[in-house]
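Observations on the three-dimensional arrangement
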Amino acid sequence: MNPENSPSIHLSAATLFKNFVDNFWKFTDNHELNRSLVFSDKDIIIIVSEKEKIELRNEILGIIGNSQDKKVMKTLAEAVRKIFYYDYFRCWEDQVLLQIQELLNSKNESKFYAALQIFYQLAKLYENEREQSKERKMYSKAFQIIFPYITDFIIYAKDKLDNDIAIIIVKKILKIFYRTINADIPEIIVNSNYFKVWMEC
């Protein structure tokens, strides 16, 4: 996003993108399938080609990571949740986890928060899946990757309760934690070392 533009323009652009993804990401080059996804022949169908989807997937997480506006970040992350629904397990898992780790390793609190905002969309999407399901197993794999990072931050934040951004990050971590244990508790949480740390925090 062009930093010279006003925050309201950034937010409007993010909202337009989210609405576009909500309405049209589901369509493919399968005409019959597309028709089954709409209510009437009058509904508009815009097909986003696979090449365009790849380009958008390649860019969107970086844009979220570099955003300084939390409203824009949240809006774009909500668009990402819709893309996750269709593409995460099909073709996007490795790239997403790599970019999340890069943001978590950045030593930048804004980027760290952006990583959590992205991961939170996964947590919302798969919170009700049972542990034995394929989707939940793949989500648990992703959670195992970020769990050490959020545990370290919780320890760090114990003495930073006067830091506004630290409080915001802790709040997002707790939301992820709650949605993750909503249906089943991942094994990594009940590991004695991690469990003790969380109970002490």
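Residues numbered from 1 in each chain as written. Predicted model: local features only at pLDDT ≥ 70, side-chain atom pairs only at ≥ 80, totals over all residues. Heavy atoms only, no water.

We now examine the nonpolar core. Ranked by size, the top nonpolar core spans 52 residues in total, and within it Ile 64, Phe 119 and Phe 143 carry the most contacts. For this core, the secondary structure elements donating two or more residues are helix H1 (7–24), helix H3 (50–66), helix H4 (70–104), helix H5 (109–126), helix H6 (134–157), helix H7 (164–180) and helix H8 (187–190). For this core, the leading source of residues is H4, giving 15 residues. Filtering out sequence-adjacent residues up to four positions away, Ile 64 remains in contact with Met 73, Leu 76, Ala 77, Val 80, Ala 114 and Ile 118. (Core = buried A, V, L, I, M, F, W, Y, C linked by side-chain atoms within 4.5 Å. Buried < 20%, exposed > 50% of the residue type's maximum accessible area, 1.4 Å probe, protein only. Helix = DSSP H or I, 4+ residues; strand = E, 2+ residues; numbered from the N terminus. Contact = heavy atoms within 4.5 Å.)

Moving on: the packing of aromatic side chains. Inspection of the entire model under this criterion finds 12 aromatic pairs. With 5.4 Å between their ring centres and 55° between their planes, Phe 84 and Trp 92 make a pair best called tilted. Clustering of aromatic rings is evident, with ring pairs tying together Phe 84, Tyr 88, Phe 89, Trp 92 and Tyr 126. We note Lys 70 situated over the ring of Tyr 113; from NZ or CZ to the ring centre the distance is 5.2 Å. Seen from the ring of Tyr 120, Lys 172 lies directly overhead, with NZ or CZ sitting 4.3 Å from the centre. (Phe/Tyr/Trp six-rings, centres within 6.5 Å; stacked < 30°, edge-to-face > 60°. Lys NZ or Arg CZ within 6 Å of the ring centre and 35° of its normal.)

Attention now moves to the packing of H6 against H7. For the pair H6 and H7, interaxial distance at closest approach is 10 Å and the crossing angle is 145°. At the point where H6 passes H7, the crossing takes the left-handed sense. Residues Arg 136, Tyr 139, Phe 143, Phe 147, Ile 150, Phe 153, Ile 154 and Ala 157 of H6 form the contact with H7, whose participating residues are Ala 166, Ile 169, Val 170, Ile 173, Ile 176, Phe 177, Arg 179 and Thr 180. Here the contact of H6 with H7 is built from residues that sort into 13 nonpolar, 1 polar and 2 charged. (Axes fitted to C-alpha atoms, helices over the stretch in contact; angles between N-to-C directions. Left-handed = near helix turned anticlockwise from the far one by under 90°. Nonpolar A, V, L, I, M, F, W, Y, C, P; charged D, E, K, R; others polar.)

This part covers the environment of Ile 168. Checked against the element boundaries, Ile 168 lands in helix H7. In this structure, the C-alpha to C-alpha distance between Ile 168 and Tyr 113, residues 55 residues apart in sequence, is 8.2 Å. Each residue touching Ile 168, except ones within four places of it in the same chain, is listed here: Lys 70 and Tyr 113.

Two residues of an α-helix separated by three or four positions point the same way, owing to the 3.6 residues in each turn. With 17 residues, H7 should cover 24 Å at 1.5 Å per step; its first-to-last C-alpha distance of 25 Å lies within 8% of that length. Every buried residue belonging to H7 is among Ile 165, Ala 166, Ile 169, Val 170, Lys 172, Ile 173, Ile 176, Phe 177, Arg 179 and Thr 180, and all of these are buried. (Expected span 1.5 Å × (residues − 1).)

With that settled, the discussion passes to H1. Along its 18 residues, H1 runs 26 Å from first to last C-alpha, staying within 8% of the 26 Å computed at 1.5 Å per residue. Those residues of H1 that fall on the buried side of the exposure criterion are His 10, Ala 14, Phe 17, Lys 18, Val 21 and Phe 24. For H1, the angular spread of buried residues about the axis comes to 165°, placing them on one side. (Arc of directions from axis to C-beta.)

Such coordinate-based values are descriptive only and should not be taken to indicate function.
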